[in-house]
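Given next are the chains, with one letter for each unit.
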Amino acid sequence: SDEIFCPSETYMIKNKEEMTMYNYQELGLVNTQEMFAKAYSEGYAVPALNFVTIEQLNGMIDAVIEKKSPVILLVSPNLHRQLGHEMTARLAQVATDRIKEVGLHIPVALHLDHGMTYEQCVMAVEGGFSSVMIDGSKLPFEENIALTKKVVEYAHAHDVTVEAELGILKGKEEEGTEGTDESMYTDPEMAVEFIRRSGCDSLAISIGTCHGLVKMVPNEDGTLPELRYDILKYISDREPGFPIVLHGCSNISQKYVDMINEHGGHIEKTAGIPDEQVRKASGLAVCKINIATDGWICGLANTRRILDEEQGAIDSRVFTLKIRPLMKELYLHKIDIMGSAERA
C-alpha cells in the first residue's frame, strides 16, 4: 500500500510519494557518535531531554546556550504522531537556528525515544531524526538482537545512530504507553554479547532507575539504594569506550510535588534518583541520561500555581510566558549534574 503511518501504525498521514523527507544534517543536527566519544573520554553525560511543549523546548535551548552544553532532544512516538512528521523536523531546525544566531556551535541531536517497531524507526530516519532508539527489551534475547540488527542496518545506511535496550525498567514511559510492574537488572554478560552481535551504537541498561514517579524503594533504614555501578564497570571493562544510556533518572523534586498538591492536584508517593547518584554515573561509562518526568512535573506544577493565582485569565500566555524561564532553571541544574557545561 502507498499509505503510511506516523509513527504509530494507527495514524495515517499521507501517501509516501507525497511526503517531504528530511536529512538531519540539513536541519543543523548531528548524530550521537562524536558526542558520545567525547563524553566517554572526558567523563560526563550528555543530557537527553524529553519535551512535550514549546515552553519546554525553548527552556532547553535557553539552558544549553547559557551553559554551552551538547544536548539530545527526545521525542517519543506519541509526540511524533501528535506534532506530525514535518512540524517535528522544523522545530528541531528552529532550535539549531537559535543556537547559530548567537554565534555558537553546539551539537544537537534529535532522537526517537522508545521506538517500538522497525517501521517507527524508519519513519523517524526519513523525518530528519539523527538518532533512533529501538526498544526490544521486552522481547526474548535473540529476537531483541534480530530487531536491533534490522534497525541498525537501515539507520547506518543513512548515517543515523541507534540506541538499543537490554533489561527492563519498572513503570511506563508516558501516559498511554504500556508499563510494567517488575524491573529486571541487565545481565552484564548478556549486555556485552548484545553489543557485539547487534551492532548498536549505544545501549540503555537497567541498573536501578525507573520510569514514572516512584523510581526507588527506600531501604529499611530509610536510605535509598545505590545504583548498580558494578554492572557499568563490568561492561566498560570488556567494551571500553562503548556508551551506556540510563533512562528514568529524574530527581522528582518534593517542591514540585507539594506545589501540585497545593493547587488542586493529587500525587501520593514519589521517590526520584538522587543527584549525587546521577553525577557518579555520569563520570563512568554513562554517556547519555534521559530526563522526562522532571520536566513534566516542573511545568505542570507551575502551571497549576499560576492559574490559581490568575483565575480570571483567558489567554494561555498568562502561564506559558512564565513557564519558559522556570524550565530553563531546571535544565541548567541537569546540565551541572551531568557535567556537560562548556563541552560543546
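Residues numbered from 1 in each chain as written. Predicted model: local features only at pLDDT ≥ 70, side-chain atom pairs only at ≥ 80, totals over all residues. Heavy atoms only, no water.

Draft legend 1. Structural view of the environment of Met 259. Along the polypeptide, Met 259 turns up in helix α9 (residues 254–262). Remark: the alpha-carbon pair of Met 259 and Arg 305, spanning 46 residues in sequence, is separated by 6.9 Å. In this view, Met 259 contacts Ala 301, Asn 302 and Arg 305; residues no more than four positions away in its chain are not counted. (Helix = DSSP H or I, 4+ residues; strand = E, 2+ residues; numbered from the N terminus. Contact = heavy atoms within 4.5 Å.)

Draft legend 2. Region of the structure containing the sheet that holds strand β7 (residues 161–166). Overall, parallel pairing links the 8 strands, which are arranged β3-β4-β5-β6-β7-β8-β9-β10 in a closed barrel. Within the sheet, the average angular offset between the axes of one strand and its neighbour, ignoring direction, is 25 degrees. Sheet analysis places β7 next to strand β8 (residues 202–205), joined by 4 bridges and oriented parallel. What sits directly across from Glu 163, in β8, is Ser 202. In the packing of helix α5 (residues 118–126) onto the sheet, contacts are made with β5 (108–115) and β6 (131–134), and the angle to β6 comes to roughly 175 degrees. On the sheet, helix α8 (residues 229–238) packs against β8, β9 (244–246) and β10 (286–291) and is oriented at approximately 155 degrees with respect to β8. (Pairing = 2+ DSSP bridges. Axes fitted to C-alpha atoms, helices over the stretch in contact; angles between N-to-C directions.)

Draft legend 3. Looking closely at the pattern of salt bridges. Counted under the stated rule, the structure contains 16 salt bridges. As a salt-bridge pair, Asp 294 and Lys 334 come within 2.5 Å of each other at their nearest N and O atoms. Here the residue Asp 294 occupies a position in helix α11 (residues 293–309), and Lys 334 occupies one in helix α12 (residues 317–338), the gap between them amounting to 40 residues. Here Asp 294 and Lys 334 have matching classes, each one buried. One salt-bridge network, in which partners are shared between bridges, spans Lys 38, Glu 42 and Arg 343. (Salt bridge = Lys/Arg side-chain N within 4 Å of Asp/Glu carboxyl O. Buried < 20%, exposed > 50% of the residue type's maximum accessible area, 1.4 Å probe, protein only.)

Draft legend 4. Here's a closer look at the nonpolar core. Residues Leu 73, Val 132, Leu 203, Ile 205 and Ile 289 are the most contacted members of the largest nonpolar core, which totals 89 residues. A total of 10 residues in this core trace back to one element, the largest contributor, which is α12. When sequence neighbours within four positions are dropped, the list of residues in contact with Ile 289 reads Ala 45, Val 46, Pro 47, Ala 48, Leu 246, Cys 249, Val 278, Ser 282 and Met 338. In this structure, Phe 36, Tyr 44, Ile 72 and Ala 109 belong to the second largest nonpolar core, which totals 10 residues. (Core = buried A, V, L, I, M, F, W, Y, C linked by side-chain atoms within 4.5 Å.)

Draft legend 5. Examining the pairing of β5 more closely. For β5, the tally of buried residues reaches 8 of 8 residues, placing the bulk of the element in the interior. Across 5 bridges, strand β4 (residues 71–75) lies against β5 in parallel orientation. Across the sheet, residue Ile 72 finds its bridge partner in β5, namely Ala 109. Sheet analysis places β5 next to β6, joined by 3 bridges and oriented parallel. Bridge pairing links Gly 115 to Ile 134 in β6.

Draft legend 6. Highlighting empty space enclosed by the protein. One pass over the full model with this rule turns up 2 cavities of 30 Å³ or more. Taken as a whole, the second largest cavity spans an internal volume of roughly 40 Å³. As for the second largest cavity, its lining consists of Cys 249, Asp 275, Val 278, Ile 291, Lys 334, Ile 337 and Met 338. Put simply, the parts of the chain that give the lining of the second largest cavity at least two residues each are α10 (275–282) and α12. Sort the elements by how many residues they give to the lining of the second largest cavity and α12 lands first, with 3 residues. Within the lining of the second largest cavity, the residues separate by chemical class into 5 nonpolar, no polar and 2 charged. (1 Å grid on protein atoms, 1.4 Å probe; cavity = no way out; pocket = protein on both sides within 12 Å on 5 of 7 lines; lining within 4 Å. Points joined across faces, edges and corners; volume = space filled by probe spheres on them. Nonpolar A, V, L, I, M, F, W, Y, C, P; charged D, E, K, R; others polar.)

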